[in-house]
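Understanding the architecture of this molecule
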Amino acid sequence: MMKQLLYGSADGIAGREAGGWGIIRTTADVDPQAAEALSSLVSVSLRQTMPQFPTPDDLARRVRRFRARPVDGELACCMSVEAGPDRSGRPGNVISHCAMLPISSRRRATDWFFADGWVLPHGASEVSRAELPDGLRLGDGWSATAKWLRADPSRLPLAAHVVAASLAVIRRRWPLLLVGDDVTEAAHWLTALLWMLPGRVADMYAVYLGEDQDSMARLKPTGPHIALLGRDVDVPERLADCVVDLSDGPRHDDGWQVLRDLALQPDDVAHAVFALRDELHLRYVGARLEEPFSMEQMLEVAWFSRDGALYLGQEEVIGQLLDTVGPTVRQWPELVALASAVGRPGAVPTTPTTPSTASTPDAGAPYDFLQDTPPAPEPPRSQGEELVDEALRAAARLGSVDDVAQRLLSPDAEADPGRRADLWSVAAAASWVTPEPQVLVEALRRHHDADERAVRAVASRVRARHGDSPLLKGILGGQPCQ
């Protein structure tokens, strides 16, 4: 039986004399660890949209929030929905039905958003009578996604755009923040994206659909995650490049023709392609290669290697694929066969061995291999550039730099060493921090751990503003202040 629990505000919660928020009921097999993992995904606040006496159509349109996170080889999922007044008549109750679900190559986390069986009562009486089902029922995940994509011709190019834009974020090893107005529609777009990722990569991401400003503040997500945000969420400036707006349509050819091709194929063909793609990904990761072989290229190789594939008219596309993968990958049997099929023989096939799970990188550390291609070597950076970068990171941690001089230079300055280090980093690049020489020296006598580079940067600005001073010569000469 599937481990499940129901969380909300109700009477009769075990261990309580009065009603209130908590776990209303669980299946018998929910141990404390599972209960903790599932309860961490519940919501206690959602936008209220239902009238006093909602119709069935009203209830079907209720605000939902879906969260899923991998936990010890399983997928902890939670569907939350507004539930009207609680047992005391107070509005704003939220019911969360959570379940531990199997991770499978034929599923993606967001496929479970569309499962049958979620318990979503409305009103105190329905909540009190709600029972957990034997389990959730879900058909073939990709089949439902492909059917949805085919239902509207405009969806295929938009799906390619969402995938291309999202992977531009994922390749930079950042969280992905989708912005959209409709949670159900966004779940379809995200499911299409997750199917374009190798299963082992997709399964590492936590997914949060339908988050608002308050819920993101409560959730404080860490690790690899994808969140669908409402337009009320104030995304920090440092995360602005992580955002993909689902209302922005394609403005050019975003590629990903293979996504459009797969959406038009029978399920068995698509799953055979996905299976080979996952095998190629495991082979690449297990060999710890760093040469070009992107997630799109893995899928293209699997697509052209399927049974019954036709190459007529695809010679140019396959040739470009062969020319842009790395030299080791180019000698794998699948690519040698493609080269031969389009009249470009020459490579000698190797017989790569698929490593065991034990020899591959930890599945919990995705940022070790999500980069499609090795990053280009960066040019040497000046000390000034390094100080500016450190100042930006420090400013993000501090939250505000308006009073940096006061917090750094006053006699009762910041006592915490970590925050003091951040203040010095900001001061190094803050043109307005130019105290009198004596004030700077007094601060240095209190802060023996100050970063020498930051101190010298501040002292140089002080000299430019206040002129040469014997007090500054020791600092700029590299001598400590006694």
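Residues numbered from 1 in each chain as written. Predicted model: local features only at pLDDT ≥ 70, side-chain atom pairs only at ≥ 80, totals over all residues. Heavy atoms only, no water.

What about the overall build of the protein?
Here is the rule we go by: Segments assigned H or I by DSSP are reported as helices when at least four residues long, segments assigned E as strands when at least two residues long, and all are numbered from the N terminus. Two residues qualify as a contact provided that any one of their heavy atoms is within 4.5 Å of a heavy atom in the partner residue. The protein chains shown are the only cover counted for residues, whose accessible areas, like all others here, come from Shrake-Rupley with a 1.4 Å probe.
Across its full length, the protein carries 20 helices and nine strands. The long-range share in the protein, meaning contacts at least 24 apart out of those at least 6 apart in sequence, stands at 68%. Put simply, the protein shows about 23400 Å² of open surface, and 51% of that area lies on carbon and sulfur atoms.

A closer look at the pairing of strand β5 (residues 94–102)
Strand residues, when the strand is regular, have side chains that alternate between the two faces of the sheet. Condition: Partly exposed describes any residue whose relative accessible area lies between the buried limit of under 20% and the exposed limit of over 50%, with all areas from a 1.4 Å probe on protein chains only and scaled to the type maximum. Strands are labelled as partners when DSSP assigns at least two bridges between them.
The element β5 is extensively covered by neighbouring structure, given that eight of its nine residues are classed as buried. As judged from the four bridges shared by strand β1 (residues 4–10) and β5, these two strands associate in the antiparallel manner. Across the sheet, Leu 5 pairs through a bridge with Cys 98, a residue of β5. Relative to β5, strand β4 (residues 74–82) runs antiparallel, the two being bridged by nine bridges. Bridged to Met 79 within β5 is His 97.

Considering the state of the cysteines
The condition that has to hold: Any cysteine sulfur atom paired with another within 2.5 Å is treated as part of a disulfide.
Enumeration over the complete set of coordinates arrives at one disulfide. A disulfide-free cysteine, Cys 77 has its sulfur positioned 8.7 Å from the sulfur of Cys 78, the nearest such atom.

Here's the deal with the packing of helix α10 (residues 267–286) against helix α11 (residues 295–304)
Rules: Only the stretch in contact is used when fitting a helix axis, every axis being a line fitted to C-alpha atoms; angles between N-to-C directions are given from 0 to 180 degrees. If an angle is under 35 degrees, it is roughly parallel; if it is over 145, roughly antiparallel; if it lies from 65 to 115, roughly perpendicular; otherwise it is oblique. The handedness criterion is simple: a crossing whose near helix is rotated anticlockwise from the far helix by less than a right angle is left-handed, and one whose near helix is rotated clockwise is right-handed. Classes in brief: Ala, Val, Leu, Ile, Met, Phe, Trp, Tyr, Cys and Pro nonpolar; Asp, Glu, Lys and Arg charged; the others, Gly included, polar.
The N-to-C vectors of α10 and α11 enclose an angle of 130°; their axes lie 8 Å apart at closest approach. With respect to each other, α10 and α11 are oriented oblique. In terms of crossing hand, the pair formed by α10 and α11 is right-handed. Across the interface between the two elements, Val 273, Phe 274, Leu 276, Arg 277, Leu 280, His 281 and Tyr 284 from α10 touch Met 298, Leu 299, Val 301, Ala 302 and Trp 303 from α11. Of the residues belonging to the contact of α10 with α11, the class tally is 10 nonpolar, one polar and one charged.

Topic: the environment of Leu 471
Looking at where Leu 471 falls in the secondary structure, it is placed in helix α20 (residues 470–476). We classify Leu 471 as partly exposed; its relative accessible area is 32%. Residues Leu 471 and Ala 459, 12 residues apart in the sequence, show an inter-C-alpha distance of 9.8 Å.

Details of the pattern of salt bridges
Definition in use: A side-chain nitrogen of Lys or Arg and a carboxyl oxygen of Asp or Glu constitute a salt bridge if their distance falls within 4 Å.
For the structure shown, the criterion picks out 15 salt bridges. Ionic pairing is found between Arg 67 and Glu 211, a salt bridge with its closest N-O pair at 2.8 Å. Of this pair, Arg 67 sits in strand β3 (residues 64–71) while Glu 211 sits in strand β7 (residues 206–211), placing them 144 residues apart in sequence. Judged by relative accessible area, which is 5%, Arg 67 ranks as buried.

Observations regarding the environment of Asp 140
In this structure, Asp 140 sits in the loop between α3 (124–129) and α4 (141–150). You can call Asp 140 partly exposed: its relative accessible area is 23%. Setting aside residues up to four positions removed in sequence, Asp 140 forms contacts with Arg 106, Arg 107 and His 271.

Considerations on the pairing of β1
Extensive coverage of β1 is indicated by the burial of seven of its seven residues. Alternating positions in β1 separate into two faces, Gln 4, Leu 6, Gly 8 and Ala 10 on one and Leu 5, Tyr 7 and Ser 9 on the other, with burial throughout. The pairing of β1 with strand β2 (residues 20–26) spans six bridges and is classified as antiparallel. Bridge pairing in β2 links Tyr 7 to Ile 23.

Some words on the packing of helix α18 (residues 437–446) against helix α19 (residues 452–466)
Packing of α18 against α19 leaves a shortest axis separation of 10 Å and a crossing angle of 165°. When the axis of α18 is compared with that of α19, the two are roughly antiparallel. Two packed elements cross with a definite hand, and for α18 against α19 that hand is left-handed. Where α18 approaches α19, its residues Pro 437, Leu 440 and Leu 444 are matched on the opposing element by Val 455, Val 458, Ala 459, Val 462 and His 466.

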